[in-house]
Each structure stands twice: as C-alpha cells, then as structure tokens.
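The primary structure of each chain is shown beneath.
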Amino acid sequence: MAAHWHLDDIPWATFDAGKVDPELLRAVKAAALVEHNADDYVTYLSNVFADDPDFRAAARQWGVEERQHGAALAAWCKRADPAFDPDQAMADFLAGYRLPLDAESSVRGSRAGELVARCVVECGTSSFYSAIRDHTEEPALRWIAGKIAADEFRHYKLFLDHLRRYQQQAGGLGRWRRLRIALGRINEASDDELAMAYWCGNGKLGAYDRDSQSQAYARRALGLYRFEHIQRGLAMALKACDFAPQGRFGQLLTRIGWWLLQQRRKSLATSSAA
Ligand SMILES: [Fe+2]
Ligand SMILES: [Fe+2]
C-alpha cells in the first residue's frame, strides 16, 4: 500500500483565505489532531495482532497515511488561522486522551470485532471527508479532503480484507454480532476522543466538558452531510457485516440513520451549548 499523494502535492497556490468557513475550520482542527494520533493506534493494533506480521505491516503503512492526513489538515488550518499551533494542540490532546496502549487483546472482544470497528471508522472518515470536499468552497481544502476521502476508502477495503480472513477462522462473528459492534462504534463518535480534540484544537476555552465539546464539534460536522454521504458510509458498514445495503433491512437502516441525523441536527440547533 504505497502513499498515493504527498504533502508537497497540495496545491497551496489555490488557497483562498476569503473562502475559509470559520465554523468548518474549528471542526477540521479537531480532525487534524485525531488523524495525527495514528501512532498510538498502530501501537495498539500491533499489540492486538502480535503474531500476525502481514497485518502489522499493513497497519504500519496505514499509520503513515493517517499521520499524513493529520499533517495536511494541520497545515491547512495553519494557513487559514496563523495563530493555530498544531504542536501545542497535539501535546494538549495527548495529555488529555490516550488509547489503552498496554492492551494485548482488542477492546472489541476479538480480532474480528476489532476489524469490524476499524472498518466502521474508515466508513465514517471516508464519508466525513467526502462531505467536506462537497461542502467547502476553499479549493485547497477541497483537494485535501478529496485525497483523504479516497485514502479512507482504501483503508476500509484493507481492513475488510483482513476481517474476511479472520471470519474464515474459528471464532468468526455472526453478522448480527458484527452489526452490534458496528453500531456501538458509530455511537462512540460522541466519546472523549473527538470532544477532547475539539477542545484542544480550539484553544481550550473554559474547563473541559465532554458533552459540550462533543456537541460543539457535532454542530459543525453534522451539517456537512448530504443523504448520499450517509447512504454510502452505511452501505460500506453493512457490507462489512454481510448485510446487503440495497436489501430491505439495509434500506431501512439507512433511512433510520438519516432520520436520526436530522433529529440530532435539530436538537443541536436548539441547544444552547457553544
Ligand atoms: Fe485518516
Ligand atoms: Fe483511514
């Protein structure tokens, strides 16, 4: 899995400060920190898959690409806001949020479960950066988001290939069990990681409060999505659980997912958190 683009490829000459959306910028700062934290994920995955050299090698290259995502997004944030200090923000983030680096088995209960969760994360990031690409009018960010979205889709396929390998071994998970893990992972989007990244990326204003920071992030991120982004992301997640996205259940789940997103947007619009 060779890198498909490099930081030097970013078309900075097209950068247009007048087209930076300050609200989107706040969400991108959080995303930059989460992406940049890939080293910890590589350590965690290397522990969980300790005797699987193929997967460990793939995870190392995956980590290189995720770090590049963080570096590209941080560089864009710095152009958009010269006062942004990515190194300080990252140090603050790591002081506030760490993965269980000493874990020797997956927090998902099994390797197949871990790979389901990894697939779901890549579905989410692929949809998120596709949504940014389609939403932003700032040309450099549109370019970066397009490249990252394509990488995330390849990452999804990478983890899906390894998931299928583990599914064929003893202890493979039934599709409902996989779906439960997938939905659980989607639900974790409101956990500490993004909330802490949002707080650290945006100047640590006030005392840290997970719920208010999570809402502040979601208010800026959820408005980016169109139906097709959600539909595609959920189709990828369903496929990882061996449900046909176009089947009756898949279509129902997609409609429920889109409806829930609308409800969340409405409740965020009426809540008073910053
Ligand atoms: Fe990424
Ligand atoms: Fe990724």
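Located above this text is the structure these notes cover.
Participant: Before we go on, may I ask you to explain the coordination of the iron ion (ligand 2) in this structure?
Facilitator: For a metal bound by four donors in tetrahedral geometry, the ideal donor-metal-donor angle is 109.5 degrees, whereas six donors in octahedral geometry ideally sit at 90 or 180 degrees. Taken together, the protein donors to the iron ion (ligand 2) comprise E66 (OE), E122 (OE), E152 (OE) and H155 (ND1), at separations of 1.8 to 2.3 Å. Around the iron ion (ligand 2), the four donor atoms sit at angles spanning 92 to 137 degrees, and that spread fits a shape best called irregular. Positions of the donor residues of the iron ion (ligand 2) along the chain correspond to the pattern E-x55-E-x29-E-x2-H. Between the iron ion (ligand 2) and the iron ion (ligand 1), both coordinated by E66, there is a metal-metal distance of 3.7 Å. In this pair, E66 sits in helix 3 (residues 53-80) while E122 sits in helix 5 (residues 111-135), placing the two residues 56 residues apart along the sequence.

Participant: Help me understand helix 6 (residues 139-167) in this model?
Facilitator: Note: α-helices contain 3.6 residues per turn, so residues at a spacing of three or four share the same orientation. End to end, helix 6 covers 42 Å across 29 residues, agreeing with the expected 42 Å (1.5 Å per residue, within 8%). At the N-terminal boundary of helix 6, the capping side chain belongs to E138, with an oxygen 3.0 Å from the backbone nitrogen of A140.

Participant: Whenever I open this one, the side chain of N37 confuses me. Can you help?
Facilitator: Along the chain, N37 turns up in the loop between helix 1 (22-36) and helix 2 (38-48). The residues touching N37, leaving out its near neighbours within four places in the chain, are M90, F93, L94, Y97 and E193.

Participant: Help me understand the environment of L222 in this model?
Facilitator: Turning to its location among the elements, L222 is positioned in the loop between helix 9 (210-221) and helix 10 (227-240). Residues L222 and L268, spaced 46 residues apart in sequence, show a C-alpha to C-alpha distance of 9.6 Å. Aside from chain neighbours lying at most four places away, what touches L222 is L261, R264, R265 and L268.

Participant: Looking at this model, I keep getting lost on unusual backbone geometry. Mind explaining?
Facilitator: Comment: phi is negative for the bulk of residues other than glycine, and the bulk of peptide bonds are trans. Located in the positive-phi region is K204, a residue other than glycine, with phi close to 50 degrees. Judged by relative accessible area, K204 falls into the partly exposed class, the value being 35%. The phi dihedral of D242 falls on the positive side, at around 65 degrees, and the residue is not glycine. For D242, the location among the structural elements is in the loop between helix 10 and helix 11 (248-270).

Participant: Can you walk me through the coordination of the iron ion (ligand 1) in this structure?
Facilitator: Taken together, E35 (OE), E35 (OE), E66 (OE), H69 (ND1) and E152 (OE) make up the full set of protein donors to the iron ion (ligand 1), lying 1.9 to 2.6 Å away. Read N to C, the donor residues that coordinate the iron ion (ligand 1) are spaced as E-x30-E-x2-H-x82-E. Looking at E152, the relative accessible area reads 0%, which means it is buried.

Participant: Even after reading the chapter, I still don't get the packing of helix 1 against helix 5, so can you show me in this structure?
Facilitator: Helix-helix packing is described using two parameters, namely the angle between the two axes and the distance between the axes. Direction vectors running N to C along helix 1 and helix 5 enclose 145 degrees, while the axes themselves pass 13 Å from each other. By crossing handedness, the relation of helix 1 to helix 5 is classed as left-handed. Residue-level inspection shows L24, V28, A31 and E35 of helix 1 in contact with helix 5, the latter providing T125, F128, Y129, I132 and H135. Tallied by class, residues from the contact of helix 1 with helix 5 come to six nonpolar, two polar and one charged.

Participant: Just checking my understanding: could you explain the environment of L261 for this structure?
Facilitator: By secondary structure assignment, the location of L261 is in helix 11. C-alpha separation for the pair L261 and A207, spaced 54 residues apart in sequence, amounts to 28 Å. Sequence-distant contacts of L261, that is, excluding residues within four places in its chain, are made with L222, Y225 and I230.

Participant: Help me out: how do you make sense of the nonpolar core in this one?
Facilitator: Side chains of nonpolar character tend, in soluble globular proteins, to be buried together. Judged by nonpolar contacts, the single largest core of 84 residues is most densely connected at L73, W76, F128 and I132. With twelve residues, helix 6 is the single largest residue contributor to this core.

Participant: Help me out: how do you make sense of the packing of helix 5 against helix 10 in this one?
Facilitator: Running from N to C, helix 5 and helix 10 point in directions that differ by 165 degrees, and their axes come no closer than 9 Å. Overall, the two elements helix 5 and helix 10 adopt an arrangement that is roughly antiparallel. Crossing geometry of helix 5 relative to helix 10 is assigned as right-handed. Seen from helix 5, the contacting residues are C119, C123, S126, S127, S130, A131 and D134; seen from helix 10, they are H229, R232, G233, M236, A237 and A240. Residue composition of the contact of helix 5 with helix 10, by class: six nonpolar, five polar and two charged.

Thresholds applied
Within any chain, residue numbers begin from 1 and follow the written order of that chain's sequence. Note on labels: chains are lettered from A, ligands numbered from 1, in written order. With the structure being a predicted model, the display of local features is reserved for residues of pLDDT at least 70 and the display and counting of side-chain atom pairs for 80 or more, all residues being used for whole-chain, interface and lining totals. In computing side-chain properties, one takes all heavy atoms of the structure into account and sets aside hydrogens as well as water. Listed donor atoms are N, O and S within 2.8 Å of the metal (Na, K and Ca: 3.2 Å). As water is not included, a site may look incomplete. Geometry is assigned from the angles between donors: four donors with all angles from 85 to 135 degrees make a tetrahedral site, four or six donors whose opposite pairs exceed 155 degrees while the rest stay between 65 and 115 make square planar or octahedral sites respectively, and everything else is labelled irregular. Only runs of H or I of at least four residues qualify as helices and only runs of E of at least two qualify as strands under DSSP, and these elements are numbered from the N terminus. The length a helix should cover is 1.5 Å for every residue beyond the first. Think of a polar contact as two N or O atoms within 3.5 Å of one another; within protein, one of them needs to be a possible hydrogen donor and the other a possible acceptor, and neighboring residues in sequence only count if both atoms come from side chains. Residues count as neighbours in contact if any of their non-hydrogen atoms are within 4.5 Å of one another. Partly exposed describes any residue whose relative accessible area lies between the buried limit of under 20% and the exposed limit of over 50%, with all areas from a 1.4 Å probe on protein chains only and scaled to the type maximum. Axis geometry follows a simple rule: fit a line to the C-alpha atoms, using only the stretch in contact for helices, then measure angles between N-to-C directions, giving values from 0 to 180 degrees. For any helix crossing, the convention is left-handed if the near helix is rotated counterclockwise from the far helix by under a right angle, and right-handed if that rotation is clockwise. Residue type decides the class: Asp, Glu, Lys and Arg count as charged, Ala, Val, Leu, Ile, Met, Phe, Trp, Tyr, Cys and Pro as nonpolar, and the leftover types, Gly among them, as polar. Residues belong to one nonpolar core when they are buried, are Ala, Val, Leu, Ile, Met, Phe, Trp, Tyr or Cys, and are joined through side-chain atoms within 4.5 Å. Note on angle classes: values under 35 degrees are labelled roughly parallel, values over 145 roughly antiparallel, values of 65 to 115 roughly perpendicular, and the remainder oblique.

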